[in-house]
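The primary structure of each chain is shown beneath.
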Amino acid sequence: MRRLLRNETGKGDVVRFVTANRESGWYLVRESPGSPQPEPRAAPAIQWVFGFPRTKQHDKTGDSLMTIKVAVPRETAPGERRVALVPSVVKQLDKLGVEVLLQAGAGEPSGFDDADYPGVTVIEGSDELYAQADVVLRVQPPTVEDAGKLKEGSCLLGFLAPHEGDSRIKNLLKRKVTSFSMELVPRITRAQNIDALSSQANLSGYKAALMAAERSPRIFPMMTTAAGTIRPSKVLVMGAGVAGLQAIATARRLGAIVEAYDVRSATKEQVESLGGKF
C-alpha cells in the first residue's frame, strides 16, 4: 500500500509504503532538475526514488532528512577484480545528496586509486564501514561473517546467489537487511539500465573468445606467408544468448570461421547478422 503525501518544503514528495510484514517507511521522491513545476496535487517528474526506514529525524513533510550513506567494500572473493562503484558515478550520487563511503583500496583491482573517487569518505576497515552504511553495494555476495556485520535495517545490492548460501541468508534476515539480487532483475524494457546480468554476460562472451584463442593450438585468422597459407580456425559457439552473441562477434573479429547453435530458431537471424553460420 502506498500513499502520496505532499511535501510543503518543495524538496520533493514523500511516499509512504507498508511492506508485507507491515513495517512502514518513507520514500523521498526528488524532482528532475529543470522539470516544469507540476500542477497542484500532481506528482512531479521523478528523477530518483530511494527507500529508507523512518526514524525520529524523519517527518511526514520530508524535513530534517538524514543523509543516506552508501558504502562500497573491497571485494574479497578469490580472483574478483571488479568494484561495485566506479568514480564516474560518484558525481551522480553527490548531486542526490548521498554520502559515499569507500573501503580503502576497494577500486585498486579495477585500476582505480582512492584518490580517483572525488568527495568520498575512505574507511580502512570493513567493520566500521558496515556499521555506518545505510546501503551496501557489492559485486559478489557477502560472506557469512560479513552478512552478520551489516547495519540492522540497511539495504544490500549486488549479485547475491539467493538460491545458495543458507547461512548467509539467515544472517541477513537476522539483521533485517533488505536485499536486492541483481541477477534477478526482470529482463524487461524498463529495467534495461539496471540489467547487470546482461552486461556481465556480454563481458563473459568476450573473455571466452579470447581465452579460446589463447588456448587453441591453432591461430584464429587466415595468414598468407612466403611459406604458404594457414587456413582460419573454425569456432563453434553453443548458445546464442547475450554471452554467445558476443563470443561470435569477438571470434569473427579475430578472424575465425564461426558456427553457432541454439535451440531457439529465432536466434538464427542474430547469428547471421554477426557473420556466423547457424
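Shown above is the structure to which this text applies.
Just so we're clear, the structure is a prediction, and the values are computed from it rather than from any experiment. (Residues numbered from 1 in each chain as written. Predicted model: local features only at pLDDT ≥ 70, side-chain atom pairs only at ≥ 80, totals over all residues. Heavy atoms only, no water.)

Visitor: When you look at the environment of Gly-275 in this model, what are you seeing that I'm missing?
Guide: In this fold, Gly-275 is placed in the segment after α7 (268–273). The class for Gly-275 is partly exposed, based on a relative accessible area of 34%. Separated by 16 residues in sequence, Gly-275 and Glu-259 have C-alpha atoms that sit 9.0 Å apart. (Helix = DSSP H or I, 4+ residues; strand = E, 2+ residues; numbered from the N terminus. Buried < 20%, exposed > 50% of the residue type's maximum accessible area, 1.4 Å probe, protein only.)

Visitor: Would you mind showing me how to read the sheet that holds strand β8 (residues 135–137) here?
Guide: Strand-to-strand pairing in sheets goes through backbone hydrogen bonds, with the strands running parallel or antiparallel. Reading across the sheet, the 6 strands line up as β7-β6-β5-β8-β9-β10 and stay open at both edges, with parallel pairing between neighbours. What marks the edges here is a single partner per strand, and that holds for β7 (121–123) and β10 (178–181). Here the average twist between neighbouring strands, direction ignored, is 20°. Taken together, the 4 bridges between strand β9 (residues 155–158) and β10 define a ladder with parallel strand orientation. In the strand pairing of β10, Leu-157 is matched with Phe-180. (Pairing = 2+ DSSP bridges. Axes fitted to C-alpha atoms, helices over the stretch in contact; angles between N-to-C directions.)

Visitor: Whenever I open this one, unusual backbone geometry confuses me. Can you help?
Guide: The backbone of Ala-161 sits at a positive phi, close to 45°, despite the residue not being glycine. When you line up the elements, Ala-161 lands in the loop between β9 and α4 (166–174). Phi at Lys-176 takes a positive value of approximately 55°, unusual for a residue other than glycine. Inspection of the secondary structure assignment puts Lys-176 in the loop between α4 and β10.

Visitor: I tried to follow the packing of aromatic side chains on my own but got confused; where do I start?
Guide: What characterises a pair of aromatic rings is the spacing of the ring centres plus the angle enclosed by the ring planes. Applying the stated criterion to the full structure yields 1 aromatic pair. An angle of 80° between the planes, with centres 6.3 Å apart, marks the rings of Phe-112 and Tyr-117 as edge-to-face. (Phe/Tyr/Trp six-rings, centres within 6.5 Å; stacked < 30°, edge-to-face > 60°.)

Visitor: Mind showing me how you'd approach a positive patch on the surface here?
Guide: Together, Arg-218, Arg-231, Lys-234 and Lys-277 line one region of the surface with positive charge. Relative to the helices and strands, Lys-277 resides in the segment after α7. Here Lys-277 falls in the exposed class, since its relative accessible area comes to 55%. (Patch = residues over 30% accessible without salt bridge, like charges linked within 9 Å, V, L, I, M, F, W, Y side chains within 5 Å. Areas by Shrake-Rupley, 256 points an atom, 1.4 Å probe, with all protein chains shown as cover. Salt bridge = Lys/Arg side-chain N within 4 Å of Asp/Glu carboxyl O. Lys, Arg positive; Asp, Glu negative; His and termini not counted. Charge placed at Lys NZ, Arg CZ, Asp CG, Glu CD.)

Visitor: Would you mind going over α4 with me for this structure?
Guide: What sets the pattern is the α-helix's 3.6 residues per turn: residues three or four places apart point alike. Where α4 is concerned, the buried positions are Arg-168, Asn-171 and Leu-172. Along the long axis of α4, the arc covered by the buried residues comes to 100°, so they all point the same way. Facing away from the buried side of α4, by more than 90 degrees, are the exposed residues Asp-166, Lys-170, Leu-173 and Lys-174. Turning to α4, the residues buried within the fold contact α3 (144–147), β9 and β10. Just downstream of α4 lies Lys-176, where phi reads positive at about 55°. (Arc of directions from axis to C-beta. Contact = heavy atoms within 4.5 Å.)

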